[in-house]
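Given next are the chains, with one letter for each unit.
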Amino acid sequence: MTRSFTAVAQGHWGPAINFHLFGPALFVVLSGTVLHLAVELATRQRYSTVYTQLINRRSFQIVSLCIYLGYYWVRLVWLGYPDEF
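Residues numbered from 1 in each chain as written. Predicted model: local features only at pLDDT ≥ 70, side-chain atom pairs only at ≥ 80, totals over all residues. Heavy atoms only, no water.

Draft legend 1. The environment of His 36, seen in detail. Looking at where His 36 falls in the secondary structure, it is placed in helix 3 (residues 22–43). The class for His 36 is buried, based on a relative accessible area of 12%. Note: C-alpha distance between His 36 and Arg 46 (10 residues apart in sequence) is 9.7 Å. For His 36, the contacting residues outside a window of four places in its chain are Tyr 47, Thr 49, Tyr 51 and Thr 52. (Helix = DSSP H or I, 4+ residues; strand = E, 2+ residues; numbered from the N terminus. Buried < 20%, exposed > 50% of the residue type's maximum accessible area, 1.4 Å probe, protein only. Contact = heavy atoms within 4.5 Å.)

Draft legend 2. Local environment of the confidence of the model for the protein. Residue-level pLDDT values for the protein average 90, and 94% of them are 70 or greater. Mean pLDDT across the secondary structure elements of the protein bottoms out at helix 4 (residues 50–55), with 88, and peaks at helix 3, with 94. (pLDDT = per-residue confidence, 0-100.)

Draft legend 3. Summary view of the side chain of His 36. Side chain to side chain, His 36 and Glu 40 meet in a polar contact 2.6 Å long. A distance of 2.4 Å separates the side chain of His 36 from the side chain of Tyr 51, its partner in a polar contact. (Polar contact = N/O pair within 3.5 Å; in protein donor to acceptor, adjacent residues only side chain to side chain.)

Draft legend 4. Quick look at the packing of helix 1 (residues 2–9) against helix 3. Closest axis-to-axis distance for the helix 1/helix 3 pair is 9 Å, and the angle between their directions is 65°. Both helix 1 and helix 3 take part in a crossing whose hand is right-handed. Touching Ser 4, Phe 5, Val 8 and Ala 9 of helix 1 are Gly 23, Pro 24, Leu 26, Phe 27 and Leu 30, all from helix 3. A per-class count over the contact of helix 1 with helix 3 returns 7 nonpolar, 2 polar and no charged. (Axes fitted to C-alpha atoms, helices over the stretch in contact; angles between N-to-C directions. Left-handed = near helix turned anticlockwise from the far one by under 90°. Nonpolar A, V, L, I, M, F, W, Y, C, P; charged D, E, K, R; others polar.)

Draft legend 5. Representation of the side chain of Glu 40. Here Glu 40 lies in helix 3. Among buried charged residues, Glu 40 stands out as having no salt bridge; its nearest opposite-charge side chain is Arg 46, 5.3 Å away. Within polar-contact distance, the side chain of Glu 40 engages the backbone nitrogen of Tyr 47 at 3.0 Å. Those residues in contact with Glu 40 that sit more than four places away from it in its chain are Gln 45, Arg 46 and Tyr 47. (Lys, Arg positive; Asp, Glu negative; His and termini not counted. Salt bridge = Lys/Arg side-chain N within 4 Å of Asp/Glu carboxyl O.)

Draft legend 6. Representation of the packing of aromatic side chains. A full pass over the atoms with the stated rule returns 3 aromatic pairs. For the pair Phe 22 and Tyr 71, a centre-to-centre distance of 5.1 Å together with 80° between the ring planes defines the contact as edge-to-face. One end of the pair, Phe 22, is in helix 3; the other, Tyr 71, is in helix 5 (residues 58–79), and 49 residues separate them in sequence. Here the aromatic cluster, defined as three or more aromatic residues joined through ring pairs, consists of Phe 22, Tyr 68 and Tyr 71. (Phe/Tyr/Trp six-rings, centres within 6.5 Å; stacked < 30°, edge-to-face > 60°.)

Following this line, the structure appears as structure tokens:
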């Protein structure tokens, strides 16, 4: 994921996706969150957005975790298990 973040920061979106599928998506989400928090701190007001309501839903959390763990499992199977941990 670190290599994916680095590639996105340098503007290389293709290699970033090759390094980790969720790297660019997480980079965009974190950038949006930082922007949202900066606006809230500057205006001293709380803003309720769609993504803040979505992130608090238990079903969204479970589905997101299952998708991420499924992707991680596919990567392990696709790349093979390392000989030594």
